[in-house]
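# Working through the structure, step by step
The residues making up each chain are set out below.
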Amino acid sequence: MIEAWLDNKTIATCKNASISARNQKYHDERVMPYSNMTLKGWIWYQGEKNMDGVHGNSALNYGYGCLAQRLVDSWRQIWSTEAAAGQNLVGWVTLAPSGGEGGNSMGAMRWAQTANYGVAPNPAMPKTFMAQAFDLDDPFSNITCYRAGCCGTATPKPQCHSCFGPNGYCANLSATNYYMGPIHPRDKKPVGDRLAAAAASIAYGLQGPFTGPTLAGCQMANGKITVQFNRSLLGSDRLIVQDYKTLGSSRVEVLTNKSLFCLQTSGRKDEECIDDGSGKGAGTGAFEDEKTWVSVDVHQVSANSIVVDLAKTQGMAFGIRYAWKGDCCDQRPATGAACPVASCPLMAQHSGLPANPFIAHIEKHGYDKCSIGQIQRHTDLVERIP
């Protein structure tokens, strides 16, 4: 858990965090021995063990969102020098879809991993960079073949027909098996490529992109939502919408019941809301039902905007989110076929970096617009849409 890499005094500054002698001991034995070294920075690739905890919010000082910010601050303090105080770089990798270990609300965890900004660097964690991994799950993370025990059997089972072939699941597993099962994606190079690209820009000042398209705001009118992405962060790049018909979903969903907005759920059926986006619970309900969050179609209208068609919800929307749960291929029929990496629909054309997952309320202020102030720590990075 992230708490094991912090001392108890620091952990105590965050509510809903785990304080224990074991964590303190781990920190003293695994962190402090390196404190006399000069380090430029770290790569942080963790989160699975905190999926059962409170994802939280850095602005409200609770949960993983608070701990993530404290980790950056405390490590920089431990390794600070007069010449470089607070300048140590930290690169983050968000969780891949298969890394939930049974915990709920993967989207909220990724949000918390960025101190609740959805992008890095940000005011809470300056001089940080990030590699999104929501679209870099193991190509064979669909565990249809895994659960059926299709590989290595003398008599193939009827349900295993899609698991064989020279490029199929079983051949792939034979070449490079999982480590501790399919919760750990094997395709690490795409993660490394994204970290390298971001580090080149943030850590070494080279020209180039460090993040993908990032939500700036939206407007709703005439049964459609126009979603705009931050022009400054895109730079000379442009947003594109990859063909998603074979994947079965655009990964864009809209909320049809205002009372069922929930950032983090609990329970096997996502029936209890433990965080409505403001740090408060919201009782029980069908928070993740397919009729609550409806998958909708999108199309591109400019280099930094898309239009969301609300025909499936009869023009209704109280919230909008992208790539918040599941993986790029989980809406297609169950199969042993591979899911291509980086195949979620929204991405930057030239860099190939994916759009950062987001969630937002749609509120009325004389007109309907996206509002993320309640769930994103600040709105410093949000461009106002007139």
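The structure we're discussing is the one just above.
Everything numeric in this text was worked out from a predicted model, so none of it was measured.

### With respect to the overall build of the chain
The number of helices and strands found in the chain is eight helices and 17 strands. The C-alpha atoms of the chain give a radius of gyration of 21 Å, which matches the 21 Å a tight globule of 386 residues would have. Along the three orthogonal principal directions, the C-alpha set of the chain runs to about 65 × 55 × 45 Å. Across the 386 residues that make up the chain, the buried fraction comes to 51%. Entry remark: accessible area of the chain is about 17,500 Å², with carbon and sulfur atoms responsible for 52%.

### Quick notes on unusual backbone geometry
With an omega of 0 degrees, the peptide bond running from A120 to P121 counts as cis. Within the fold, P121 resides in the loop between helix 4 (106-113) and strand 3 (128-131). Within the chain, N222 stands out as a residue other than glycine whose phi angle is a positive 55 degrees. Mapping N222 onto the fold places it in the loop between strand 4 (215-221) and strand 5 (224-229).

### Overview of the packing of aromatic side chains
Counted by the stated rule, this structure contains 14 aromatic pairs. Relative to W75, the ring of W5 lies with its centre 6.5 Å away and its plane at 75 degrees, an arrangement referred to as edge-to-face. With W5 in the segment before helix 1 (8-11) and W75 in helix 3 (residues 63-78), the pair connects residues that are 70 residues apart, well separated along the chain. Judged by its relative accessible area of 24%, W5 is partly exposed. One aromatic cluster is present, built from ring pairs that chain together W5, Y26, W42, W44, W75, W79 and W92. If you follow R321 out to its NZ or CZ, it ends over the ring of W293, 4.2 Å from the centre.

### Concerning the state of the cysteines
Tallied over the entire structure, the rule returns six disulfides. A sulfur-sulfur separation of 2.0 Å characterises the disulfide bridge that pairs C14 with C66. Sign of the S-S torsion, about -75 degrees for the bond between C14 and C66, identifies this disulfide as left-handed. Pair noted here: C14 is in the loop between helix 1 and helix 2 (21-30) and C66 is in helix 3, with a separation of 52 residues, a long-range link. Residue C150 pairs covalently with C160 via a disulfide, S to S 1.9 Å. The disulfide joining C150 to C160 has a torsion of about -75 degrees about its S-S bond and is therefore left-handed. Of this pair, C150 sits in the loop between helix 5 (144-148) and helix 6 (169-175) while C160 sits in the loop between helix 5 and helix 6, placing them ten residues apart in sequence. Relative accessible area serves as the criterion here: at 2%, C150 is assigned to the buried category.

### With respect to the environment of Q300
On the secondary structure map, Q300 appears in strand 12 (residues 297-302). Relative accessible area serves as the criterion here: at 27%, Q300 is assigned to the partly exposed category. Sequence separation of Q300 and L346 is 46 residues, and the distance between their C-alpha atoms is 9.6 Å. Apart from the residues within four sequence positions on either side, Q300 is in contact with R238, L239, I240, V241, S305 and I306. There is a polar contact of 2.5 Å between the side chain of Q300 and the backbone oxygen of L239. Of note is the side chain of Q300, whose polar atom sits 3.0 Å from the backbone oxygen of S302.

### Things to note about the side chain of D270
If you trace the backbone, D270 turns up in the loop between strand 8 (264-266) and strand 9 (272-275). Notably, D270 is buried but unbridged: the nearest opposite-charge side chain belongs to K325, and the N-O separation is 4.8 Å. Side chain to side chain, D270 and N104 meet in a polar contact 2.9 Å long. Beyond its immediate chain neighbours, meaning those up to four positions away, D270 contacts N104, T265, G285, F287 and E288.

### Looking at the sheet that holds strand 1 (residues 41-44)
As summarised here, the arrangement of the three strands in space is 1-2-3, forming an open sheet in which the pairing is parallel. Bordering the open sheet on either side are strand 1 and strand 3, each of which pairs with just one other strand. Across this sheet, the average inter-strand angle for adjacent strands is 15 degrees, counted without regard to direction. Taken together, the four bridges between strand 2 (residues 89-93) and strand 3 define a ladder with parallel strand orientation. When the sheet's bridge partners are listed, W92 is paired in strand 3 with M130. Packing against the sheet, helix 7 (residues 189-202) makes contact with strand 1, strand 2 and strand 3, and its axis sits at approximately 155 degrees to strand 3.

### Thoughts on the pairing of strand 2
By the criterion of burial, strand 2 is predominantly enclosed, with five of the five residues buried. Burial of the side chains of strand 2 extends over both faces: L89, G91 and V93 are buried on one face and V90 and W92 on the other. Here strand 1 runs beside strand 2; their pairing, made up of four bridges, is parallel. When the bridges of strand 2 are listed, W44 appears paired with W92. Traced from strand 2 through helix 4 to strand 3, the parallel crossover comes out right-handed.

Cut-off values and rules
Residues numbered from 1 in each chain as written. Predicted model: local features only at pLDDT ≥ 70, side-chain atom pairs only at ≥ 80, totals over all residues. Heavy atoms only, no water. Helix = DSSP H or I, 4+ residues; strand = E, 2+ residues; numbered from the N terminus. Rg over C-alpha atoms; globule rule 2.2 N^0.38 Å. Buried < 20%, exposed > 50% of the residue type's maximum accessible area, 1.4 Å probe, protein only. Areas by Shrake-Rupley, 256 points an atom, 1.4 Å probe, with all protein chains shown as cover. Phe/Tyr/Trp six-rings, centres within 6.5 Å; stacked < 30°, edge-to-face > 60°. Lys NZ or Arg CZ within 6 Å of the ring centre and 35° of its normal. Disulfide = S-S within 2.5 Å. Contact = heavy atoms within 4.5 Å. Polar contact = N/O pair within 3.5 Å; in protein donor to acceptor, adjacent residues only side chain to side chain. Lys, Arg positive; Asp, Glu negative; His and termini not counted. Salt bridge = Lys/Arg side-chain N within 4 Å of Asp/Glu carboxyl O. Pairing = 2+ DSSP bridges. Axes fitted to C-alpha atoms, helices over the stretch in contact; angles between N-to-C directions. Right-handed = clockwise from strand over helix to strand, strands pointing away.

Coordinates in, geometry out; function isn't part of it.
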